[in-house]
Amino acid sequence: MTKPAHEIRKGLLKVRVWKRKTKGGSQYSITIHRTFRNGDQWKESTRLGPHDLPLARLLLDQAHTWILTVGQQATP
């Protein structure tokens, strides 16, 4: 299984940054997940509720900043 290039977690939300190499250089994509408990097991969902949005916005902004920082480091 491929591991994300970076992961940011806060509370029940998790943002993963995925890196893929292309002919033009590296490209990044983002996934966002909310963890929840189903009985004794922890699971993940891509569905967010309205109360998750402020934190999701913060985590997505942090992921964006990380991508910009990593992208600048890769530039000669």
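As a reminder, the structure under discussion sits directly above these lines.
Here the structure is a predicted model, which means the values were calculated and not measured.

Caption draft 1: The pairing of strand β2 (residues 13-22), seen in detail. Pairing geometry for strand β1 (residues 6-10) and β2, over five bridges, is antiparallel. Within β2, the position partnered with H6 by the bridge is V17. The turn linking β1 back onto β2 is made up of two residues, and G11 within it adopts a positive phi angle of 60°. Examined bridge by bridge, β2 and strand β3 (residues 25-38) share ten bridges and lie antiparallel to one another. In the sheet register, V17 faces β3, and the bridge partner there is I30. Counting the residues between successive antiparallel strands, the hairpin from β2 to β3 contains two residues.

Caption draft 2: Broad picture of the nonpolar core. Listed in full, the nine residues of the largest apolar core are I8, L13, V15, V17, I32, A56, L59, A63 and I67. Sorting the residues of this core by element identifies β2 and α1 (53-74) as the ones contributing at least two each. The leading source of residues in this core is α1, at four residues. When near neighbours in sequence (up to four residues on either side) are disregarded, I32 contacts K14, V15, S45, T46, L48, A56 and L60.

About the cut-offs
- Position labels on residues start from 1 in each chain and follow its written sequence.
- Per-residue local features of the predicted model are confined to residues with pLDDT of at least 70, and side-chain atom pairs are confined, for both listing and counting, to 80 or more; whole-chain, interface and lining totals are unaffected and use all residues.
- As a rule here, side-chain values come from all non-hydrogen atoms in the structure, and water together with hydrogens is ignored.
- By the convention used here, strands pair only if DSSP detects at least 2 bridges between them.
- The helix count covers DSSP runs of H or I at least four residues long, the strand count covers runs of E at least two residues long, and both are numbered beginning at the N terminus.
- The set of buried Ala, Val, Leu, Ile, Met, Phe, Trp, Tyr and Cys residues whose side-chain atoms join them within 4.5 Å is what this entry labels a nonpolar core.
- Exposed residues in this analysis have more than 50% of their type's maximum accessible area, buried residues have under 20%, and partly exposed residues fall in between, with area computed by a 1.4 Å probe over protein chains only.
- In this analysis, two residues are considered to be in contact whenever any of their non-hydrogen atoms come within 4.5 Å of each other.

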